[in-house]
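Each chain is listed here by its residues.
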Amino acid sequence: MDRTRKWASGLGVVLFIVLRQLTLALEVPLDLPQPPTITLQSPKDYIFDPRENIVIHCEAKGKPHPSFSWTRNGTHFDVEKDSKVLMKPGSGTLVIDISGEKAEAYEGTYQCTAHNDHGTAVSNNIVIRQSRSPLWSKERNEAIVVQKGISLVLQCRPPAGLPPPVIFWMDNNFQRLPLDKRVSQALNGDLYFSNILPEDTRSDYICYARFPHTQTIQQKQPISVTVLENSPVGERRPGFMMPLGVTSTKMVLRGETLELECIAEGLPTPEISWQKDGGELPTSRLSYQNFKKTLKISEVNEGDAGDYRCTATNSLGTAHHVIKVTVKAAPFWVSAPRNLILAPNETGILTCRVGGVPKPKINWFVNGVPIENHSRKVDDDTVILSNVQSGSSAVYQCNASNEFGYLIANAFVNVLAEPPRVLTPPNRVYQVITNSPALLHCASFGSPIPTITWFKDSQTSIKNGDPYVIHENGTLEIHVAQPLNSGKYTCIATNNLGIKENHVYLEVKEPTRILKQPEYKVVQRGMSAVFECKVKHDPTLIPTMTWLKDNGELPDDERFEVDTDSLIIKDITDEDEGTYTCIMNTTLDQDSASAMLTVVEKPDPPTDLELTDQTERSVQLTWIPGDEHNSPTQTFLIQYEDLLHQPGVWVNLTEVAGTSTTAQLNLSPYVYYSFRVLALNQVGYSDPSQPSRQYRTNPAAPDENPSDVQGEGIEPGNLVISWTPLTGFQSNGPGLEYRVQWRQKDVDEDWSSKTVANVSQFVVSGTPTYVLYEIKVQALNDYGNGPEPEVVIGYSGEDLPLSAPDSVQIMVHNSTLAEVHWEPVAAPSVRGKLQGYKVYYRRERGLHETEEDAEQQDQVLTFSGNRSEGRLPGLQPYSLYNLYVKVLNSKGEGPASPSKTFETPEGVPGPPSFLNVLNPSLDALSLEWGPPVNNNGRLAGYTLKYQPVNSTSELGPIKVMTFLANETTITLGNLNSSMLYKFYLSAKTIKGSGPTITEEAFTAMDTGESYVHNICSPTEPPHPTSPITQSPHPPFHNGPAFGTVNTSLSGDGAVIRWEYFGHHKTFYVEYIVENSKEDWKKELVNGSHSHMIKGLKPGTSYRVRVVARDPAVPTVHSTDEVVVAVPAAPSRQVDIATQGWFIGLMCAIALLILVLLIVCFIKRNKGGKYPVKEKEDAHQDPEIQPMKEDDGTFGEYSDTEDHKPLKGSRTPSNGTVRRDESDDSLVDYGEGGDGQFNEDGSFIGQYSGKKEKDTHEGNESSEAPSPVNAMNSFV
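Keep in mind that what you see is a predicted model, and the values were worked out from it rather than measured. (Residues numbered from 1 in each chain as written. Predicted model: local features only at pLDDT ≥ 70, side-chain atom pairs only at ≥ 80, totals over all residues. Heavy atoms only, no water.)

Here's the deal with the overall build of the chain
Each helix and strand counted, the chain has seven helices and 98 strands in total. In the chain, buried positions account for 42% of the 1275 residues. The long-range share in the chain, meaning contacts at least 24 apart out of those at least 6 apart in sequence, stands at 65%. Only carbon and sulfur atoms are counted for the fraction: they give 50% of the accessible area of the chain, which is about 67200 Å². (Helix = DSSP H or I, 4+ residues; strand = E, 2+ residues; numbered from the N terminus. Buried < 20%, exposed > 50% of the residue type's maximum accessible area, 1.4 Å probe, protein only. Contact = heavy atoms within 4.5 Å. Areas by Shrake-Rupley, 256 points an atom, 1.4 Å probe, with all protein chains shown as cover.)

So, the pattern of salt bridges
Here the idea is simple: oppositely charged side chains can pair when their charged atoms come close. In total, this model carries 42 salt bridges according to the counting rule given. As a salt-bridge pair, E774 and R743 come within 2.8 Å of each other at their nearest N and O atoms. Highlighted residues: E774 in strand β70 (residues 772-781) and R743 in strand β67 (residues 737-744), separated in sequence by 31 residues. Accessibility expressed as a relative area gives 17% for E774, which makes it buried. R743 gets classed as partly exposed once you look at its relative accessible area, which sits at 25%. (Salt bridge = Lys/Arg side-chain N within 4 Å of Asp/Glu carboxyl O.)

A look at the nonpolar core
With 30 residues, the main nonpolar core has I54, I56, W70, I96, Y110 and I128 as its most contacted residues. Top element by residues in this core is strand β9 (residues 108-116). It accounts for three residues. Every residue in contact with I128, bar those within four places of it in the chain, is listed here: Y46, F48, I54, I56, Y106, E107, G108 and Y110. (Core = buried A, V, L, I, M, F, W, Y, C linked by side-chain atoms within 4.5 Å.)

A word on the state of the cysteines
Per the stated rule, a full pass over the model turns up six disulfides. Here C156 connects covalently by a disulfide to C207, the sulfurs 1.9 Å from one another. Disulfide C156-C207: the torsion about the S-S bond is -70°, which places it as left-handed. Within this pair, whereas C156 is found in the loop between β13 (152-154) and β14 (166-170), its partner C207 is found in strand β17 (residues 202-211), the two being separated by 51 residues in sequence. For C207, a relative accessible area of 1% gives the class buried. The disulfide partner of C262 is C310, and the S-S distance across this bridge is 2.0 Å. With the S-S bond torsion at -75°, the cross-link from C262 to C310 turns out left-handed. Linking C262 in the loop between β22 (258-261) and β23 (263-267) with C310 in strand β27 (residues 306-314), this pair joins segments that are 48 residues apart in sequence. (Disulfide = S-S within 2.5 Å.)

Observations concerning the sheet that holds strand β74 (residues 818-823)
Strand order across the open sheet formed by three strands is β73-β74-β77, with antiparallel pairing between neighbours. Only two strands of the sheet have a single neighbouring strand rather than two, namely β73 (806-812) and β77 (869-872). Here the average twist between neighbouring strands, direction ignored, is 20°. When β74 meets β77, the two strands line up antiparallel, connected through four bridges. Note that in β77 the partner of H821 across the bridge is E869. (Pairing = 2+ DSSP bridges. Axes fitted to C-alpha atoms, helices over the stretch in contact; angles between N-to-C directions.)

Focus: the packing of aromatic side chains
Tallied over the full model, the rule gives 26 aromatic pairs. Between Y640 and F729, the aromatic rings sit 5.3 Å apart at their centres with planes inclined by 25°, giving stacked as the arrangement. One end of the pair, Y640, is in strand β60 (residues 635-642); the other, F729, is in helix α2 (residues 728-731), with 89 residues separating them in the sequence. Looking at Y640, the relative accessible area reads 9%, which means it is buried. Pairing Y1071 with Y1102 gives two aromatic rings, centres 6.2 Å apart and planes at 70°, and the pair type is edge-to-face. Linking Y1071 in strand β91 (residues 1066-1073) with Y1102 in strand β94 (residues 1101-1110), this pair joins segments that are 31 residues apart in sequence. The exposure class assigned to Y1102 is buried, which follows from its relative accessible area of 8%. Taken together, Y640, Y673, F675 and F729 form an aromatic cluster joined through their ring pairs. Its guanidinium or amino end placed over the ring of Y840, K886 lies 5.3 Å from that ring's centre, counting from NZ or CZ. (Phe/Tyr/Trp six-rings, centres within 6.5 Å; stacked < 30°, edge-to-face > 60°. Lys NZ or Arg CZ within 6 Å of the ring centre and 35° of its normal.)

Description of the sheet that holds strand β25 (residues 286-289)
One open sheet accounts for three strands, arranged β22-β26-β25; its pairing is antiparallel. Each end of this open sheet is capped by a strand with a single partner; those strands are β22 and β25. Going from strand to strand, the sheet's axes swing by 20° on average, the running direction of each strand aside.

Structural notes on unusual backbone geometry
Glycine aside, the phi torsion of most residues is negative, and most peptide linkages are trans. Of note, the bond from L162 into P163 is cis; its omega dihedral lies within 30 degrees of zero at -5°. Relative to the helices and strands, P163 resides in the loop between β13 and β14. Cis geometry is found at the peptide bond from L267 to P268, where omega equals 0°. In this structure, P268 sits in the loop between β23 and β24 (271-276). Although it is not a glycine, D380 sits at a positive phi angle of roughly 55°. Structurally, D380 can be placed in the loop between β34 (376-379) and β35 (382-385).

A closer look at the side chain of E601
Relative to the helices and strands, E601 resides in the loop between β57 (590-600) and β58 (607-612). Buried and without a salt bridge, E601 has R525 as its closest oppositely charged side chain, separated by 4.0 Å. In this structure the side chain of E601 is engaged in a polar contact, spanning 3.3 Å, whose partner is the side chain of Q524. (Lys, Arg positive; Asp, Glu negative; His and termini not counted. Polar contact = N/O pair within 3.5 Å; in protein donor to acceptor, adjacent residues only side chain to side chain.)

A closer look at the side chain of N314
In this structure, N314 sits in strand β27. Given the relative accessible area of 11%, N314 is considered buried. Within the local environment of N314, its side chain forms a polar contact with the backbone oxygen of R236, the two atoms lying 3.0 Å apart. Looking at N314, its side chain comes within polar contact range of the main-chain oxygen of P268, at 3.0 Å. With near-sequence residues (within four places) excluded, N314 lies in contact with R236, R237, P238, G266, L267, P268, T269 and P270.

Things to note about the environment of V747
Mapped onto the fold, V747 is located in the loop between β67 and β68 (752-756). Between the C-alpha atoms of V747 and Y773, which are 26 residues apart in sequence, the distance is 9.5 Å.

Considering the environment of G658
Tracing the backbone shows G658 in the loop between β61 (646-657) and β62 (662-666). Under the relative-accessibility criterion, G658 is labelled buried at 14%. Spatially, the C-alpha atoms of G658 and A679 are 7.6 Å apart, while their sequence positions differ by 21 residues. Sequence-distant contacts of G658, that is, excluding residues within four places in its chain, are made with T633, Q634, T635 and F636.

Right, dumping it as structure tokens:
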């Protein structure tokens, strides 16, 4: 806006201009003229220590530098006349030396004035007062004697100090008196007892006052209090000791702290609670002190006024007191006046807005003098300066006051005409983190105030709006900086006196982020812990990793190892427990993460074991748990030591939960107990506690009998009775013995009895063989017998069986399995516990043999239990076997049954013993084999199967041959040469064929006159082979269907033979001169696996391959390429040009042509049609017959312009015939090609076109072999 225009009428325009001036108010550079500005002054209320100098601060700036003067109590204070007062050079600060002087002489109200050519600024009124700590007035305190239960107040009444002292109560030993809900100290320092108790009796209740400025403490005379109990006061409802009455008032100033206090008496001691009637307490600024007897609200505002209710409550009732709070306010700034920089003829406004209760009065001054100049319009809190002129700079003062205080502010008006200048340093680089705000400063100065504009990268003008905000002070803010905001920024400051620009740079960096935070660790003492902290940060910023423990530095201990991204703590101790924080700092940001370390250890042993509730058979054990070391105790294990029977051996008695500290223990008689306890946590068991005291139980009769009682004879005629003896702990008393009783079962007889000492067995002799006995074993000692024992069944000793099984019979199921039956042996003859039966059998010989096999061993099968049959598997067919059976008990085997023999029928034979291939030739192989090792019957003959196998392991048709038993050789003929054959041979009996043995062999390779080798893949160098090459495993490129490829030469050409097991029906032989770039020649093969290529040039090598294709299947298969070298041979051809028949033919053709030319000439002269054209007109077949291949003559042709293509030729749409592209690819036979098949399987289309082209190979003409082209060229 034009700042040179004159002031326009209307307050709205004035306010707009002035508000802009206020908003854009700037600091004036110190090299420009400006009125004084006070930069430092002492507080309004200055209390000094008389032991130190008085220092009253007053600092100011301005151009020229201001001079200073002071007033004291409203009159000029001549500093130079007082030698004790020093004003600092270049400053208005006063230093008053009060040593040796009365400090009171310098008390008063001081004000500083700073003046230069452009105005005068004044300071606050600074009240200087000396701190005071007066002595306590001497008084004699009467001793206080009260009855128990009444309330009591001990008054402090400290002397008035400056500032007020801090009060506290102590005893003669300088120990603070304990305070609680019953005994409390009021804000005024008095000590209140809600109800007094006998323990409150003492003679040294002393009130102390500490004066903070002088650091002195004074004490009141001790007060003696004696509490009597002869007439105590009973319980009562609460009542308020302070404040008194039902209501009270409290005034507080805005911004100060409100302190409300309620102290109640009563018995029991009352509880205090607070609430605000009709409103909520400000919880964010609220605090309670002195056991909720004091309510504090900080930063009081007008909304805190109201009625505050304190309630005292005990079991007998409640009491209420309401404190009415009013809030007043000393003057406070709403908007303090700000400096103005105006250009000549501009208009400005100063505002001084203040608040306060009551409303403050505002007075304006200029250069410290009340405003009277009519050029300035004063309207309460506003001064309007119209059409200012050079030289009218001044300092204005606003003074606002009410009964609670005052405010004074200086604001200068500086009239300048200055071109813009940018105060922000040039080329400053700002670095911020992505997604954080960026502030690019453009601090400027000028008068009139410059207008700021911004550009990015010296091109883009920046306007207010997302993402940019241009503040009125010129700062450019980007709320959420992104990497694309990086770059160069230019700010331009402009006013009517000039223009100035400045460049700054913004770099937006990647944020620092902790990718892997440290994790909570629970570590046993003495182990190691590793905290990981992996961080990602901007690569251009230098990171610094810092580790903290509990927000402090790590201990200076070599056990702490800080690595790049981890913290290792070795040999951990209890002191290492805490919170560990990794902080990654860069110059711009930081990230942090924390984790707890908990140090655990096995528990400390329990202590203080104590035995209580002692009885004959039980006792209660209690203990105190040890330190759990951060791992809760899971269980306690109680162990005992039997000092009588097993001293030094600790036995587990019982376990209890980890939350228990007692255990009820069941005891046994006649034991000298000592107990100990172990604690178990997650780490392990603690060390044992110290043993408890010894506890002895009295002897008693046994509570139990020996266990595991058994009766078993170990020899015929005896019975061994055994048991597990009782331990000394189980004996329950001295003199432990055992009463052994036995009798034969199911026999009417008395028990036999024998008392034995503390042993574990007793032998009864003279018993019958293997009979049942009833057995009992009872424990007894000097104090009585144990309980009645249980009866156990036992057996007397066994003997070998007497009898063999009878009626042994054998059933043969098949050639390898038989079943044997027998009559079981009677129980008395077994003479022991039946274990089962054993069947012994042995192969004597084969049925086709005459002598027994002496090397055969007996085979044994055991059938457990009371069995009468069993199966014999795995027998050898066509054999004679011998068999007998024995019964078995625990003592051993009985006699054998009579032997039985049986025969097994014939089975299938074993495999032939060998199969060898002999004398392989081109088309024959000889085989030789041996008979089976095990015929398993009468050998009937052999079966031979064989089949060819191609290079991809695909099997050909199988052939079968049979032979007599005496035939072991055969020669196979009519085989393919260089072919792999697989043979299968088996022997047979009347039961069938046995297992097969196999063999593989190749027939010999074919021979011929040509030298043939494979064209190998690039990774394998070519290698010569024999003249006839077979490829049993060719490198496969386009399919696995082909097998061996053979080539040979004959007088008429090269013969190609191949194996093929695929499903394709049509084959092509393709060939090309080796190292030639010509197209492949193709010849169709119909229905066979061989083909002769004729017309090969002697002395030339050809590359040959075979291709298979089926019209119904898109897949194309190809063999590897083989090279056929045609040897050079003397030419036996007859020169056709010398043959008589050829000369005669050529003459006839020349004559015929001459006649045709004459006829044509005559016809044309007569205007007749060209005979060929007539014939063409009569032709209805659109297809023109091609050149005849046998005699080289041409068929009819067409002279029409469209030149229809001949059958088999490929003609472009433009009417020309192009040469076929190279066909050196199997794509010609692939899906989507032009070629098709006739019904007879012959290939037409592309292949026929190719063939015609091949017919004209060697001609120099580049024309395609089209008959039309040929005729055109001929004519």
